[in-house]
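# Residue-level structure breakdown
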Amino acid sequence: MAAKEKILSFESAPASIQALKGQGKRIVQCHGTFDLIHPGHIVHFEEARALGDVLVVTLTSEKFVNKGPGRPFFDDELRSKSLAALECVDYVIIIPYAAAVEAIECVQPDYYCKGKEYQDHANDVTGNIADDVATVERLGGQMRYLGSIVFSSTKLINNNFSHVSEDAKEVCRQIAEDFPPDRFRKIVEDFSKLKVLVLGDSIFDKYTYVNIQGITSKNRILSGLYSKDSLQLGGTLAIYRHIKEFCPHAHLATLLGGESWVDDVVGNQLPETNGLVIRDPSFTTIVKQRFVETTKRSQELGKLFSINYIDPQYANTPTEDRLLEKLAADIKGYDLVVLSDFGHGLMTPRLRDFIQAEAPFLALNCQTNSYNHGYNLISEQYRHANAFSLDQQELMLDRGKRKLDPDEDLRSLNSQLGSHMSWLTQGANGAIGIDSLGNRAECQRLEEQVVDTIGAGDAFFSLVSLAARADLPIQLGTFLGQLAGAQAVKIVGNTECVSKTKLLNGGMSLLNF
């Protein structure tokens, strides 16, 4: 059979395989990414093929591969062609799902084969192997764990291919010397022990999608055809979702208005918050509406203009008192307070003073945006933070400089706030981290394919806050922040939170040398 005839579509494969079963053929299935075919794969396939009559290799589609930035290195076409060219492989199917359950349901094998390392289910970072086993058994099949020769595609790619920049690869290599994949995994898993309070301004990001038609003839206005709306949890709500993914004992303290639509959105998208969310009917829930377009020229979402729905006159002392009362009762019970101050009215002078005085460990992000530009500078609003993160414009405004010396100015601010760790994000130029011991870290961006940068800084801040509280080395904390940012730029807005499983997979892959 010609190699191209071995490649079946996901839709047509079940009928073809059932026909083979009808002929009495025993079906064996192997499933994976198979980003780089190596001798270990060949032996695995040959051992699997010996169990039956037909070997079907199912391949995770590139869109759903969770092995970190730059992966898979080879696209669906090349990986499927490589597999189909092997004599021991009878059929190849590209699976449009992240997990293997749908692949198993498609093939319904007599034998489903995984590497011997999966015999201990604890080795599976995704936690999906139990579902795989249950699906195989439900469909009448049997599990087999094979592999007399073991190699790692990830290790081979890391050492011999350029799926991330050489500078980023060198950073990963240095980190891996002290934090190999298994140790990295334990560190991230240990974040679950932290009790975290996430505090700050809630924002709802509304994306209005339009198709640009051109310029009107009379007024020279941009004209677009409305397509759809998407409402997402942004600001502190997004940061809370990120941290909740790693810390089940995370709670949220924020302020929302009394609008009925808020109940529906929060109820559908937000994890349990532990009763520290204040609702005030006199407060206008903050919405930032962006008009956006998707284009064929780039996969990055195009932003046209935005409208902010914010009440600049809001002030309610009784509401402030309620929040302070709730915080005073609980704040000492937390290991970490993550404060994101967007300058939209929640963080009053009284509340800022209270948090700085009472938080056991304060991780701070004081943001500059179009609404508060020049009026929400970190060193003017705060005297102290154990850790902080800010971007280049925020540091420029705070230091009053158009031309920064990033290291010197970050160290100056770090010293002024009495911080143990601090970070400066620089977009495409990566991130810098420093600590009070004089250590410096730099990590280049890990993801080249950008869909949307909105929320990437919040994702970075979420992970470095946990790293700071865990007192991790500054280089490892910076790497964790960049991993979160790399995941965030592939997500439209805040439609998804940073996935712990994806971060673990990506980090462990990048540290596998």
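See above for the structure.
Not measured: the values here are computed from a predicted model.

Across its full length, the protein chain carries 19 helices and 19 strands. In summary, the protein chain has a C-alpha radius of gyration of 26 Å against a globular reference of 24 Å for 513 residues, a match within 12%. Overall, the protein chain is about 80 × 60 × 45 Å in size when its C-alpha atoms are taken along their principal axes. When each of the 513 residues of the protein chain is scored for burial, the buried share is 53%. In the protein chain, the proportion of contacts linking residues at least 24 apart, taken out of those at least 6 apart, comes to 74%.

With that out of the way, let us pick up the packing of helix H18 (residues 474-488) against helix H19 (residues 500-510). One way to put it is that H18 packs onto H19 with a least axis distance of 10 Å and a crossing angle of 120°. Taken together, H18 and H19 sit at an angle that is classed as oblique. Between H18 and H19 the crossing geometry is right-handed. Within the contact between the two elements, H18 uses Phe479, Leu480, Leu483, Ala484 and Gln487 and H19 uses Lys502, Leu503, Gly506, Gly507 and Leu510. By residue class, the composition of the contact of H18 with H19 is six nonpolar, three polar and one charged.

Here we come to the packing of aromatic side chains. As enumerated under the stated definition, the model contains 10 aromatic pairs in all. Taking the centre distance of 5.1 Å and the plane angle of 80° together, the rings of Phe73 and Phe74 count as edge-to-face. A relative accessible area of 23% means that Phe74 is categorised as partly exposed. Clustering of aromatic rings is evident, with ring pairs tying together Phe73, Phe74 and Phe161. Over the ring of Tyr118 we find Lys114, and its NZ or CZ is 4.4 Å from the ring centre. Across from the ring centre of Tyr209, 4.9 Å away, lies the NZ or CZ of Lys228, which sits over that ring.

This part covers the nonpolar core. In this structure, Phe184, Phe191, Val196, Phe479 and Leu503 are the most contacted members of the largest nonpolar core, which totals 68 residues. If one sorts the elements of this core by residue count, helix H17 (residues 456-469) sits on top with nine residues. Non-local contacts of Leu503, meaning those with residues more than four positions away in its chain, are made with Phe184, Val188, Phe246, Leu463, Leu480, Leu483, Ala484, Gln487 and Val498.

Attention shifts here to the sheet that holds strand S7 (residues 195-200). In space, the nine strands of this open sheet follow the order S11-S10-S7-S14-S15-S16-S17-S18-S19, with mixed pairing throughout. For this open sheet the edge positions go to strand S11 (276-279) and strand S19 (440-443), each flanked by a neighbour on one side alone. The sheet shows a mean angle of 15° between the axes of neighbouring strands, taken without regard to direction. As judged from the five bridges shared by S7 and strand S10 (residues 249-256), these two strands associate in the parallel manner. Residue pairing in the sheet places Lys195 in a bridge with His249 of S10. On top of the sheet, helix H10 (residues 236-246) reaches S7, S10 and strand S14 (336-341); it is set at about 170° to S10, its chief contact.

Now for the environment of Gln108. Tracing the backbone shows Gln108 in the loop between helix H5 (101-107) and strand S5 (111-115). Contacts of Gln108, omitting those with residues within four sequence positions, involve Gln18, Lys21 and Leu139.

Let us now look at the sheet that holds strand S6 (residues 142-146). On the basis of which strands lie adjacent, the open sheet formed by six strands has the order S1-S4-S3-S2-S5-S6 and parallel pairing. With partners counted over all chains shown, the strands left at the sheet margins are strand S1 (7-8) and S6, one partner each. Strand direction decides the pairing type here: strand S3 (residues 54-60) and strand S4 (residues 91-95), joined by five bridges, are parallel. Counted as the bridge partner of Val57 is Val92 from S4. Strands in contact with helix H3 (residues 39-49) are strand S2 (27-32), S3, S5 and S6; relative to S3, the strand with the most contacts, it is inclined by about 135°. Along the sheet, helix H6 (residues 129-138) contacts S5 and S6; its crossing angle with S6, the most-contacted strand, is approximately 130°.

The element strand S17 (residues 421-425) is largely enclosed, with a buried count of five among its five residues. Residues Met421, Trp423 and Thr425 point to one face of S17 and Ser422 and Leu424 to the other, with burial holding for every one of them. One ladder, built from five bridges, connects strand S16 (residues 387-391) with S17; its direction is parallel. Among the inter-strand pairings, Phe388 is bridged to a residue of S17, identified as Ser422.

Right, let's get into the environment of Ala431. Mapped onto the elements of the fold, Ala431 is located in strand S18 (residues 431-435). Judged by relative accessible area, Ala431 falls into the buried class, the value being 0%. With 11 residues separating them in the primary sequence, Ala431 and Glu442 have C-alpha atoms 5.8 Å apart. Beyond its immediate sequence surroundings of up to four residues, Ala431 is in contact with Leu424, Thr425, Gln426, Ala441, Glu442, Cys443, Phe460, Thr478 and Gln482.

All told, the structure shown has 25 salt bridges when counted by the stated rule. The partner of Lys193 in a salt bridge is Asp190, and the shortest N-O contact between them spans 3.5 Å. Overall, the relative accessible area of 61% leaves Lys193 in the exposed class. Within this structure, Arg185, Glu189 and Lys500 form a network of salt bridges that share partners.

Here is what the cut-offs are and how they apply
- Residues numbered from 1 in each chain as written.
- Predicted model: local features only at pLDDT ≥ 70, side-chain atom pairs only at ≥ 80, totals over all residues.
- Heavy atoms only, no water.
- Helix = DSSP H or I, 4+ residues; strand = E, 2+ residues; numbered from the N terminus.
- Rg over C-alpha atoms; globule rule 2.2 N^0.38 Å.
- Buried < 20%, exposed > 50% of the residue type's maximum accessible area, 1.4 Å probe, protein only.
- Contact = heavy atoms within 4.5 Å.
- Axes fitted to C-alpha atoms, helices over the stretch in contact; angles between N-to-C directions.
- Parallel < 35°, antiparallel > 145°, perpendicular 65-115°, else oblique.
- Left-handed = near helix turned anticlockwise from the far one by under 90°.
- Nonpolar A, V, L, I, M, F, W, Y, C, P; charged D, E, K, R; others polar.
- Phe/Tyr/Trp six-rings, centres within 6.5 Å; stacked < 30°, edge-to-face > 60°.
- Lys NZ or Arg CZ within 6 Å of the ring centre and 35° of its normal.
- Core = buried A, V, L, I, M, F, W, Y, C linked by side-chain atoms within 4.5 Å.
- Pairing = 2+ DSSP bridges.
- Salt bridge = Lys/Arg side-chain N within 4 Å of Asp/Glu carboxyl O.

Purely geometric numbers; function is a separate question.
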